[in-house]
Amino acid sequence: MDHFDHGASTGLPPRGQEIIDGVCGDPFFVLGRHNEGPNDSIRAFFPNALTVRLIVLRPRSAPLERPMRRVDDAGFYVGTIKAGARYRFKITWADESEEIADPYSFGLLLSTFDLHLFAQGRLRALDEVFGAQPMTIDGVSGTRFAVWAPNARRVSVIGDFNIWDGRRHPMRLRHEQGVWELFIPHLRPGERYKYEIMAHDGRVLPQKADPVARATERPPATASLVGRAEPFDWTDETWMDHRAARHASDAPISIYEVHAPSWRRPNGDPDRVMSWSELAEALVPYVLEMGFTHIELLPISEYPFGGSWGYQPLGLFAPTARHGSAGDLAGFINTCHMAGIGVIVDWVPAHFPNDIHGLMRFDGTALYEHSDPREGFHTEWNTLIYNFGRNEVRGFLIAAALHWLHCYHIDGLRVDAVASMLYRDYSRAEGHWVPNVHGGRENLEAVAFLRELNESITERHPGALVIAEESTAWPGVTRPVQDGGLGFSYKWNMGWMHDTLAYFRRDPIHRRHHHHDLLFGLHYGFSERYVLPLSHDEVVHGKGSLIARMPGDDWQRHANLRAYFGFMWGHPGKKLLFMGGEIAQRAEWSHDGQVDWPSLDAPLPRGVQSLVRALNQLMRHEPALHRQDCEPDGFRWIIDDDADNSVFVWLRLADGAPPVLVICNLTPLPRHGYRIGLPVPGFWQERLNTDSALFGGSNVGNSGGVHTTTDPSHGYGDSAVFTLPPLGTLFFVAQGV
């Protein structure tokens, strides 16, 4: 039986010229199979092809083949086959031949249910529906594309596979949701692609990267890549099963914050960054040996400008290609988990950059951002602000957060710039912001988004952390959503950071006048679940390094920093320290450099490193130093009024565990015979002294501990006499409790 009709049309079909001109918004009306009674007309557009032949597949005999008729010099081809016959194309180009299935022979691709969820902002598995999805349809392998561009006139997939010609693969519009879709047969993972979008007014926009791409080219290149579909072979089941307990408010948490490109340069080469595999071999053992419980990575979502440190991301579903593939990242995280180390990543839903290949005016309109610059433009960072009131945008962001937790087993997200999201007048002058519907400054849409985000994460990934970088007095940041809060796990205590840095940078002779700087944080210290952050933001932009901000000569600066770290680790709250701080790096952090590892050849930086290691070990070992971090019953002042001597003394407490006494002497004068009342009689062992010679100090101390006497002091019936080292912090643990 002949599967061909030899009377194929000799002219362009209706609207065929629109395909040739690249203005067709309904390519399935023109291309592909079109029934003409007993026959089907097959239409295709292959510019620059030498010949195009139709191959008809027959169930019980060999395929039939014959030329298609070229009906226009631009490369429009028409052929006719019997109705319903299966077919493919055989194309001869100047340098090769290929056989392909017809992209316009496939029916609707996305389910109406998924599109309905997307329109409502509730498609949580957006990463499995939108973007480039390798799959097999009707026995044909290829890649399905889907992108949201409701105001576009035409959207096409472009790439090396079609010489970046937007006429070759225009997409089908699913009108109600404004989603464009197309299945391109035989397209494999690793292929470069973008979207060519024609705005409603006929302008062809700059080529756009895929907002839901799961892989990208390495910057400065900007194309998206078809991601690989193979799942990673995880071996971290034990970690994942017990993760929630490691993140609870009674767990010891000490976070090492890392900018992956500048932690260490391979062989000191300033132009190279470590791969995820190299970081697994070097960073993970270092963090483990230092006693930190978690690594926090500055943003690793793909970002075009290295100088943004990742805080201006465009690929919210794609790990940056700077360090390797998605599989390499998964391998790094798996290695961390096998070593007992959690991984937190900084995540940026507050704003996005205005790169032309990104989300800005994605379909020719303000789609992801607000159209009014008073709402949609961030003057401080020269970036654009997401429209949190739009269902599709809110769903896009929540799906991106869930993607990292699900696909990469990330243990937590540190949400950047929350304060800028909560207030409509953030960093804006009077008259340059739009009040909410009630006339207030609160961004009600952002509040609703953050609550929905945290509820979604709690529901789908119980035990995962969500930490807010929030610098205002907004109430209930870590209160559960059902109780009227925002639902975060922890909040950075920015006030504590500012107050304590201000205190420790002062000459000790003036500290008596600023005693309250170290007291004030405890007035609100249990109103939220806090992380105490000494982050990257405190060692850049001319602020100087931590050690450079300490007063005095070189020895005193190191002693001050050691005392500060002792104060921090003895203070209620989880801990966070940016890389380089643990070795008292002298230079301010530069994203183009690396941690000053050679400085460890000197004894004072090496001593600070040893101290941080010892503090982490002590915090983990002593329940009183972590179990009630977030409870007022876990802290008790003994001496908070000795401003003249700049001495602070407090207890850390936990039910069923021995109390820990913390003493800070923040002047360079040692103090002998300093009596302190104690709640427990007997021997108190000196467990850590920041002035120990092991850490580079003068070794003034208490010979291993003190015994109490029955002399009342500070409201207690027992007390002991202590020697307080200069610029030192001491930790004592009651014995026999």
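Just so it is clear, the structure is predicted and the values come from calculations on it, not from any experiment. (Residues numbered from 1 in each chain as written. Predicted model: local features only at pLDDT ≥ 70, side-chain atom pairs only at ≥ 80, totals over all residues. Heavy atoms only, no water.)

J.: Help me understand the pattern of salt bridges in this model?
T.: For the structure on display, the rule yields 36 salt bridges. In this structure, Arg-414 engages Asp-416 in a salt bridge whose closest nitrogen and oxygen atoms are separated by 3.5 Å. Overall, the relative accessible area of 9% leaves Asp-416 in the buried class. Salt-bridge contacts for Glu-459 lead to Arg-460; the nearest nitrogen and oxygen are separated by 3.4 Å. Residue Glu-459 is classed as exposed on the basis of its relative accessible area of 59%. Overlapping salt bridges, with partners in common, bring together Glu-296, Asp-346, Arg-414, Asp-416 and Glu-469 in one network. (Salt bridge = Lys/Arg side-chain N within 4 Å of Asp/Glu carboxyl O. Buried < 20%, exposed > 50% of the residue type's maximum accessible area, 1.4 Å probe, protein only.)

J.: Would you explain the sheet that holds strand β4 (residues 64–67) in this entry?
T.: Pairing between the strands of a sheet is mediated by backbone hydrogen bonds and can be parallel or antiparallel. In spatial order, the strands read β4-β3-β7-β8; together these four strands make up an open sheet with antiparallel pairing. Strand pairing shows two members of the sheet lacking a second neighbour, β4 and β8 (97–100), which therefore form its edges. Across the sheet, the axes of successive neighbouring strands diverge by a mean angle of 20°, strand direction being ignored. Summarising the sheet, strand β3 (residues 51–57) and β4 pair through four bridges and their orientation is antiparallel. In the sheet register, Arg-53 faces β4, and the bridge partner there is Pro-67. (Pairing = 2+ DSSP bridges. Helix = DSSP H or I, 4+ residues; strand = E, 2+ residues; numbered from the N terminus. Axes fitted to C-alpha atoms, helices over the stretch in contact; angles between N-to-C directions.)

J.: I'm lost on the packing of aromatic side chains in this one. Help?
T.: Two descriptors summarise a pair of aromatic rings, namely the distance from one centre to the other and the angle between the planes of the rings. Summed over the entire model, instances satisfying the criterion amount to 43 aromatic pairs. Relative to Phe-396, the ring of Phe-317 lies with its centre 5.6 Å away and its plane at 55°, an arrangement referred to as tilted. Pair noted here: Phe-317 is in strand β20 (residues 315–319) and Phe-396 is in helix α9 (residues 391–407), with a separation of 79 residues, a long-range link. Relative accessible area serves as the criterion here: at 0%, Phe-317 is assigned to the buried category. (Phe/Tyr/Trp six-rings, centres within 6.5 Å; stacked < 30°, edge-to-face > 60°.)

J.: Help me understand the packing of helix α14 (residues 554–570) against helix α15 (residues 603–621), please; the structure alone is not making it clear to me.
T.: Two quantities define a packed helix pair, namely the angle between the axes and the distance from one axis to the other. Two numbers describe how α14 lies on α15: the axes approach to 10 Å, and their chain directions differ by 10°. Taken as axis vectors, α14 and α15 run roughly parallel relative to one another. In contact with Asp-554, Trp-555, His-558, Leu-561, Arg-562, Phe-565, Gly-566 and Trp-569 of α14, α15 contributes Leu-604, Pro-605, Val-608, Leu-611, Val-612, Leu-615, Asn-616 and Met-619. Across the contact of α14 with α15, the residue classes break down as eleven nonpolar, three polar and two charged. (Parallel < 35°, antiparallel > 145°, perpendicular 65-115°, else oblique. Contact = heavy atoms within 4.5 Å. Nonpolar A, V, L, I, M, F, W, Y, C, P; charged D, E, K, R; others polar.)

Read these as spatial facts, not as claims about activity.
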